[in-house]
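Understanding the architecture of this molecule
Here is how the chains run, residue by residue.
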Amino acid sequence: MSFHASACICRFSRLSGVFYSLPQHSQDQPDPMTKDFQTDSRKLLGRLREIMSEEATGQTRLDRITQLIAKDMRTEVCSIYLFRDSDTLELCSTEGLKPEAVHETRMRLGEGLVGRVARTGKVINTADAPKEIGFRYMPETGEEIYSSFAGVSVQRLGEKLGVLVVQSKTARQYSEDEIYALEVVAMVLAEMTELGAFVGEGAALSARHKHPVLFRGATGQEGSAEGHVWLHEPRVVITNPIAEDPHRESERLHAAVDSLRVSVDQMLDGVGKGDAEQREVLEAYRMFAHSRGWLTRMEEDIARGLSAEAAVDKEQSATRARLEMASDAYLRDRLHDLDDLSNRLLRILTGQGKETGADMPADPILVARNIGPAELLDYGRNLRGVVLEGGSVGSHAVIVARSLAIPLVIHAARIATEALNGDHIIVDGDGGLVHLRPDETVLTAFRDKIAMQTVAQQRYASIRDKPAITKCGKTIALTMNAGLMADLPSLAGSGAEEVGLFRTELQFLIRSQMPKRTELAALYSKVLDSAGGKRVVFRTLDIGSDKVLSYMKPNDEPNPALGWRAIRVGLDKPGVLRMQLQALIRAAAGRPLSIMFPFVAQYEEYKAARAEVDKALARERILGHPLPQKLEVGAMLETPSLAFAPNQFFRDVDFLSIGGNDLKQFFFAADRENERVRRRYDTLNVSFLTFLGNIVDRCLETGTPLSFCGEDAGRPIEALCLAAMGLRTLSMRPASIGPVKSLLIRTDLDALRAVILKASEEGNQSVRPAVMEWLRTQP
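Read on for a plain summary of the structure. (Residues numbered from 1 in each chain as written. Predicted model: local features only at pLDDT ≥ 70, side-chain atom pairs only at ≥ 80, totals over all residues. Heavy atoms only, no water.)

**Regarding the overall build of the chain**
Counting its regular elements, the chain contains 28 helices and 23 strands. Out of the 779 residues belonging to the chain, those deemed buried represent 55%. Sequence separation of 24 or more characterises 68% of the internal contacts of the chain that already satisfy a separation of 6 or more. A total accessible area of about 33,300 Å² is found for the chain, and carbon and sulfur atoms account for 51% of it. (Helix = DSSP H or I, 4+ residues; strand = E, 2+ residues; numbered from the N terminus. Buried < 20%, exposed > 50% of the residue type's maximum accessible area, 1.4 Å probe, protein only. Contact = heavy atoms within 4.5 Å. Areas by Shrake-Rupley, 256 points an atom, 1.4 Å probe, with all protein chains shown as cover.)

**Structural notes on the pattern of salt bridges**
Counted by the stated rule, this structure contains 47 salt bridges. Between Asp-542 and Arg-539 there is a salt bridge whose closest N-O contact spans 3.7 Å. Take Asp-542: its relative accessible area is 2%, and that puts it in the buried class. What makes Arg-539 buried here is its relative accessible area of 7%. The shortest N-O distance in the salt bridge between Glu-773 and Arg-776 comes to 3.2 Å. Taken together, the positions of Glu-773 and Arg-776, both in helix α28 (residues 768-776) and three residues apart, correspond to about one turn of that helix. Residues participating in the shared-partner salt-bridge network are Glu-505, Arg-539, Asp-542, Arg-565, Asp-662 and Arg-672. (Salt bridge = Lys/Arg side-chain N within 4 Å of Asp/Glu carboxyl O.)

**Overview of the sheet that holds strand β7 (residues 213-216)**
What the eight strands build is an open sheet, ordered β7-β14-β13-β9-β10-β11-β12-β8; its pairing is mixed. A strand with exactly one partner marks an edge of an open sheet, and here the two such strands are β7 and β8 (218-221). Strand-to-strand twist in this sheet, taken as the mean axis angle between neighbours without regard to direction, amounts to 30°. Relative to strand β13 (residues 424-428), strand β9 (residues 224-231) runs antiparallel, the two being bridged by five bridges. For Glu-226, the partnering residue across the bridge sits in β13 and is Ile-426. Against the sheet, helix α15 (residues 440-462) engages β9, β13 and β14 (433-436), with an angle of about 125° to β9. (Pairing = 2+ DSSP bridges. Axes fitted to C-alpha atoms, helices over the stretch in contact; angles between N-to-C directions.)

**A word on the sheet that holds strand β2 (residues 88-95)**
Taken together, the six strands give an open sheet; going across it, the order is β3-β2-β1-β6-β5-β4, and neighbouring strands pair in antiparallel fashion. Each edge of the open sheet carries a strand with a single partner, namely β3 (106-108) and β4 (124-126). This sheet shows a mean twist of 25° between the axes of neighbouring strands, independent of strand direction. Here nine bridges tie strand β5 (residues 148-156) to strand β6 (residues 159-168), and the two strands are oriented antiparallel to one another. Bridge pairing links Ser-148 to Ser-168 in β6. Relative to the sheet, helix α4 (residues 112-120) contacts β1 (77-85), β2, β3, β4, β5 and β6, its axis offset from that of β6 by approximately 145°. Across the sheet, helix α5 (residues 176-194) is in contact with β1, β4, β5 and β6; its angle to β5 comes to roughly 40°.

**Considering the side chain of Asp-301**
Examined against the element boundaries, Asp-301 turns out to sit in helix α8 (residues 292-303). The residues touching Asp-301, leaving out its near neighbours within four places in the chain, are Tyr-180, Leu-306, Ala-311, Lys-314 and Glu-315.

**A word on the packing of helix α25 (residues 716-724) against helix α27 (residues 749-761)**
Two elements in contact, α25 and α27, have axes separated by 9 Å at closest approach and are oriented at 95°. As far as their axial angle goes, α27 and α25 are roughly perpendicular. Across the interface between the two elements, Leu-720, Cys-721, Ala-723 and Ala-724 from α25 touch Leu-749, Leu-752, Arg-753 and Ile-756 from α27. (Parallel < 35°, antiparallel > 145°, perpendicular 65-115°, else oblique.)

**Quick word on α4**
Counting buried positions along α4 gives seven out of nine residues, so the element sits mostly inside the fold. Looking at α4, one finds that the buried residues are Gly-112, Leu-113, Val-114, Gly-115, Val-117, Ala-118 and Thr-120. After α4 finishes, the residue Gly-121 shows a positive phi value of roughly 75°.

**A few points about empty space enclosed by the protein**
Enumeration according to the criterion identifies three cavities of 30 Å³ or more in this entry. There is about 340 Å³ of room inside the largest cavity. If you go around the largest cavity, you meet 21 residues; those closest to its centre are Leu-157, Asn-343, Arg-369, Ala-416 and Thr-417. Elements with a contribution of two residues or more to the lining of the largest cavity: α9 (308-325), α11 (335-350), β10 (364-368) and α14 (415-418). Looking at the lining of the largest cavity, the element that brings in the most residues is α11, giving four residues. Looking at the lining of the largest cavity residue by residue, the classes come out as eight nonpolar, four polar and nine charged. The computed volume of the second largest cavity comes to approximately 150 Å³. The wall of the second largest cavity is formed by 15 residues, among which Leu-113, Val-114, Arg-136, Glu-143 and Phe-149 lie closest to the centre. (1 Å grid on protein atoms, 1.4 Å probe; cavity = no way out; pocket = protein on both sides within 12 Å on 5 of 7 lines; lining within 4 Å. Points joined across faces, edges and corners; volume = space filled by probe spheres on them. Nonpolar A, V, L, I, M, F, W, Y, C, P; charged D, E, K, R; others polar.)

Any functional reading would require information that these geometric values do not contain.
Structure, rendered in structure tokens:
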């Protein structure tokens, strides 16, 4: 058995453990008392449905529900606590506690037993509540006379809405069946809360999805946008969580599960043998779909009174809660798979597809848990912005968003649950902030910011065709980064002098199979045509690390950024590299061609890659194809080791481009995908600037053309300092060229360099404070 197969089996067994370790209530030979309880449960839910169907206020409904549960369970107290904000619970209804405590008793998340249930999502069932860890007595409620306590979380798809509690004077633990009944009722309460059944006065009973919400995420792509929400996967609405005919609901569930299993099998059949990663995901889907424990629990949920849709939703929430608490990172990562599969089943049951019939707004901002590069490209430039719950700074979606020049915020937790299609939304990609349903104050401030940016853009347009010549007479070449044909119109509109980096991996990432040489040659030819004679630097395939091809066998590495990637893959799998080099040569069709190899760590790697270019040229010559009029072969300097390569390397290479994003993370040993450390180290750190200065000096000695490519090249202050350190070519996203040029032409780089050197000599860790102070004094 292969290592990969063994790993898959191991992972599936861990997933099975999550599914089969969930509580099981049904047996092969049902207990007559269980049947009686199922009947009682259905009666309870039937009475609950009657309450929900009556014309009444939200408060009245809650009060009648607590009365019903207390009476049905023969317990002195039943209370419902709901969140009034993300950190505070409020007693919203009670039967048995002092009525005056309603809407007065509040507790923080994690405070007391109720707060613990809300924070962990786990049931607390105790016969002696005061002795429980974390117990807190609320004197205004009169609860001191009640010994036993049972609390269950009111939650929907991982979103915690409140807590349902029962208490009694008698010291006893509630039975498993009673706890299960509470969980079923809590699930119905969650669905009804989502539908607005308990809307009333006060924050805790306010209508959901109506109030302003601020999400703090991370910057994926800079820029700002205002628009309206377009959900990539609209939520499934469950309008009737209570079953009228359990037998009929069970039949519906089985038919839907059968349909789901067939669709998963069909997806598996359609996956190529080389697509190991996608096959592994679908194998996990199939395991979920065929899980007997999962189906058994849903059958029991239905037997106790839930509709088929509500049963799916309940089990999805329960399994989700377990996965979220898992210490195993692999299990936590399977949340997306579980949600996707459960949503597929819900869509089969409800008939609610992704196409809801709603019209996409004229100013759409896409909101999604996550999205692939091909899906994002399908939306194209119609989008004003993108907000993701997941993602990473180097993910495929971020790369595409940069190519499309649209603002992107990642790590906006829970936004796909909170947002509704059509909601007003503001995306601040610069600060990693998202304002959902913003109030007038936020809206006014944002529009003022946009107005200022518009004025600035008009100023940038006036200098678009002017060279970036500083006050001290130095010329800085500003070039643009690209990766799609859609980027090329920006070459003229931005004022870029050339394409300093064309990422070729996007054409591989958006496909489900390896592209053909003829397809690549046609694409690269169109890129050169669109450039209109301006230089285009094609970077060969940079895969691995955070850029994984779905149709290549995945390699489980503890640190992919330092693993098998980029030129290492190209040299170990030369067939793909040769195909790409041949496609580039054919695309040039006699025109000048510039090729750059990524992630070169030592001279020998460059020589081996350059030898592949020579082989490709020889083959094309034999085939009678025209060769490039001029050929430049360069390398990206992304590892500190290459900065110390022999002088012969600097003489042999036609040009070098510093890959700032990777070089910075390796220089500081700080993973740029890790939010805890990625902002810890400043680009204007004296050590890093000194290191860059040394690279500049070596290139000057050997006459090697040098450029800087990366996010920092597009940040005006950083770009200014890079130029002051001797870098004369900067490559950035098209939208950054105007702001960078505007600051460059107003700056004396010689004077700025003196400020940087002085700050360094004074022992400062970063020159940023000194640079900012100096800039404030400039006219």
